[in-house]
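Here is what each chain is made of, one letter per residue.
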Amino acid sequence: ARPNILLIVSDDHGYADVGFTGCKDIPTPQLDRLARGGVICNNGYVTHPFCSPTRAALMTGRYQHRFGHENNPYYDPNDHREGLPTSQRLLPEFLRSADYVTGWIGKWHLGATPELRPMQRGFAETFGFIGGGHRYLNWKVNVAAEYTVPIERNGRPVEVTEHLTTAFGREAAAFARRHEARPWFLYLAFNAPHTPHEPTPERLARFAAIADPRRRAYAAQVSLFDDAIGNTLDAVRASGQEGRTLVFFFSDNGGPIAVNGSLNTPFRDAKGSVYEGGVHVPFVVSWPGTVPAGRRYEEAVSSLDVFSTSLALAGAPMPTDRKYDSIDLLPFLTGARSGPPHEHLFWRAQRGQWAVRASEGSWKVVRQAGQ
């Protein structure tokens with residue numbers, strides 16, 4: 001009865017840009033369906049206001065400050081310092097030891113040298129790109145340019161002719177169908193709706209009513225990854241796995257509103273900031289029949305908590321070799337435990353920023369450089 005674990009992460013996705021947080025101009029029917037069938041965490045957070053540090057904490061169950069991964073690594077396949085240190089064990093390594101099939105699809109951004117790549121960090125099956133971003137359509141492969149590196153399957157370059165977001169959804173659906181006989185963990189890490197905006201012409205035309213061209217292209221990108229998520233979830237349902245699949249969904253940070261046309265309403269600021277707009281993200285946990293459907297959970301939760309929750313469900317012991325910051329969320333979401341999962345949440349980012357949110361009341365202290 002150990003469930004599958006599907007972890008879906010979007011990239012630079014604004015808090016206000018899904019239907020379940022109130023978005024009106026960008027339909028997200030697949031994410032809204034997922035939210036209706038699970039718990040919407042109204043106070044869902046990531047551990048950092050931009051890409052790679054968030055992912056490092058997510059994969060390790062530890063604040064990235066503990067092991068010095070507080071900036072985006074520079075893309076250099078020859079620099080062994082640029083990435084998540086090998087001293088840290090990642091979630092898929094533990095799950096693979098618990099006899100889970102482990103897969104990664106999408107964006108990596110945790111190091112480009114051989115020992116830092118996903119196949120060396122616990123993922124048995126991989127499909128995606130190693131850097132921090134990528135073109136979506138009609139790119140010419142250049143191994144030296146981060147946004148045009150080859151798409152790789154299990155470490156070997158493959159040709160992708162469709163929109164990259166659609167390809168990720170197709171691959172995720174195939175992974176779910178391929179492994180219906182065994183418990184699996186899939187990290188589906190979209191680079192959408194991160195720039196560059198390259199939606200298909202057909203999808204862009206759907207949003208002709210949006211006057212701002214940047215917002216229009218962003219909306220089309222969001223719509224494409226919502227469809228890709230739907231394709232994945234449809235495969236889970238059609239193969240009879242929905243009742244034994246736990247799904248997490250959240251963005252890796254707040255939207256960079258001045259860059260990609262996203263919105264973080266009602267929160268202050270954007271990606272790169274430790275104010276709410278940088279770290280407070282759309283966050284859903286769904287497991288039909290186990291996690292109550294249609295509930296809104298108000299206590300603060302963190303992307304850190306994927307780690308401990310997954311290990312508990314896999315029957316794998318929580319490691320004790322070092323300090324971990326992850327909490328098993330399932331008892332809190334089902335109502336088996338009361339009270340806040342975390343007494344405090346912490347952030348530290350570039351330019352001397354840091355913040356602490358307390359579980360008691362609605363208090364958060366923020367420090368900016370020079371204060």
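Each remark here, short or long, concerns the structure printed above.
Nothing here was measured: the structure is a model prediction, and the numbers come from that model. Every residue gets a number counted from 1 within its own chain, in the order that chain's sequence is written. Local features in this predicted model are restricted to residues of pLDDT 70 or higher, and side-chain atom pairs are both shown and tallied only at a pLDDT of 80 or more, whereas totals for entire chains, interfaces and linings draw on every residue. As a convention, hydrogens and water are excluded, and side-chain values are obtained from all of the structure's heavy atoms.

Draft legend 1. Quick look at the pairing of strand β9 (residues 245–251). Of all seven residues that make up β9, seven are buried, and the element is covered over most of its length. Per-residue accessibility, obtained with a 1.4 Å probe over protein chains only, is compared with the maximum for each type, and a residue is labelled buried under 20%, exposed over 50%, and partly exposed between these values. Secondary structure elements follow DSSP: runs of H or I of four or more residues count as helices, runs of E of two or more count as strands, with numbering from the N terminus. Neither face of β9 is open: one carries T245, V247, F249 and S251, the other L246, F248 and F250, and all of them are buried. A pair of strands counts as paired when DSSP detects no fewer than two bridges linking them. The pairing of β9 with strand β10 (residues 283–286) spans four bridges and is classified as antiparallel. Across the sheet, the residue bridging to F249 is V284, located in β10.

Draft legend 2. Just helix α2 (residues 51–60), in detail. Taken across its ten residues, α2 has ten buried, putting it largely inside the fold. Among the residues making up α2, those that are buried are C51, S52, P53, T54, R55, A56, A57, L58, M59 and T60. Immediately beyond the C-terminal end of α2, within one or two residues, lies G61, with a positive phi of roughly 75°.

Draft legend 3. Here's a closer look at the pairing of strand β14 (residues 353–358). A large share of β14 lies buried, amounting to five of its six residues. One ladder, built from six bridges, connects strand β13 (residues 344–349) with β14; its direction is antiparallel. Across the sheet, F346 pairs through a bridge with V356, a residue of β14. Hairpin geometry of β13 and β14 is characterised by an intervening segment of three residues between the two adjacent antiparallel strands and by a positive phi of about 65° at R351. Of the strand pairs in this sheet, β14 and strand β15 (residues 364–367) are connected by four bridges, and their pairing is antiparallel. Counted as the bridge partner of R357 is K364 from β15. What sits between the antiparallel neighbours β14 and β15 is a turn of five residues, in which G361 has the positive phi angle 75°.

Draft legend 4. Quick peek at the sheet that holds β13. With antiparallel pairing, the three strands of this open sheet are ordered in space as β13-β14-β15. This sheet does not close on itself; its edge strands, each paired only once, are β13 and β15. With direction set aside, neighbouring strand axes in the sheet form an average angle of 5°. To get an axis, fit a line to the C-alpha atoms, keeping to the stretch in contact for a helix; angles then go from 0 to 180 degrees between the N-to-C directions.

Draft legend 5. A look at the environment of G361. By the element assignment, G361 lies in the loop between β14 and β15. Take G361: its relative accessible area is 46%, and that puts it in the partly exposed class. On a C-alpha basis, the gap between G361 and V141 in space is 51 Å, while along the polypeptide they are 220 residues apart.

Draft legend 6. Focus on the pattern of salt bridges. One speaks of a salt bridge when a side-chain nitrogen belonging to Lys or Arg is within 4 Å of a carboxyl oxygen belonging to Asp or Glu. Enumeration over the complete set of coordinates arrives at 24 salt bridges. Put simply, D325 and R66 hold a salt bridge, and the shortest N to O gap is 2.8 Å. Linking D325 in the loop between α9 (305–314) and α10 (330–334) with R66 in the loop between α2 and α3 (91–97), this pair joins segments that are 259 residues apart in sequence. Classification of R66 as partly exposed rests on a relative accessible area of 42%. Each of D11, R55, K107 and D252 takes part in salt bridges that share partners, so that together they form one network.

Draft legend 7. Spotlight on the sheet that holds strand β11 (residues 295–297). Ordered in space as β7-β6-β5-β4-β8-β1-β9-β10-β2-β11, the ten strands form an open sheet in which the pairing is mixed. Sheet topology places β7 (156–158) and β11 at the edges, where each strand pairs with a single neighbour. Going across the sheet, the axis of each strand differs from the next one's by a mean of 15°, ignoring polarity. Inspection of the sheet shows strand β1 (residues 4–10) paired to strand β8 (residues 184–189) by five bridges, in the parallel sense. Looking at β8, one finds that L7 is bridged to Y187.

Draft legend 8. Region of the structure containing the nonpolar core. For our purposes a nonpolar core is just a set of buried Ala, Val, Leu, Ile, Met, Phe, Trp, Tyr and Cys residues, chained together by side-chain atoms within 4.5 Å. In terms of nonpolar packing, the biggest core is built from 103 residues, with L7, M59, F185, Y187 and F250 touching the most fellow members. When residues in this core are grouped by element, the largest group, nine residues, is from helix α6 (residues 213–238). We call two residues contacting when some pair of their heavy atoms lies within 4.5 Å. Discounting residues that sit within four places of it in the chain, F185 has contacts with I5, L7, M59, L91, P92, L95, Y100, V101, T102, G103, F123 and F175.

Draft legend 9. Main features of α6. When the terminal C-alpha atoms of α6 are compared, their 37 Å separation across 26 residues agrees well with the 38 Å that a helix rising 1.5 Å per residue should span. Think of a polar contact as two N or O atoms within 3.5 Å of one another; within protein, one of them needs to be a possible hydrogen donor and the other a possible acceptor, and neighboring residues in sequence only count if both atoms come from side chains. Backbone nitrogen of R214 and a side-chain oxygen of the N-cap are separated by 3.0 Å at the start of α6; the cap is D212. Backbone geometry just after α6 places G240 at a positive phi near 75°. In this scheme, a helix's expected span is set at 1.5 Å multiplied by one less than its residue total.

Draft legend 10. Geometry of the state of the cysteines. The term disulfide is used for any two cysteine sulfur atoms that are within 2.5 Å. Per the counting criterion, the structure on display carries zero disulfides. There is no disulfide at C23, and the cysteine sulfur nearest it, in C41, is 20 Å away. The exposure class assigned to C41 is buried, which follows from its relative accessible area of 2%.

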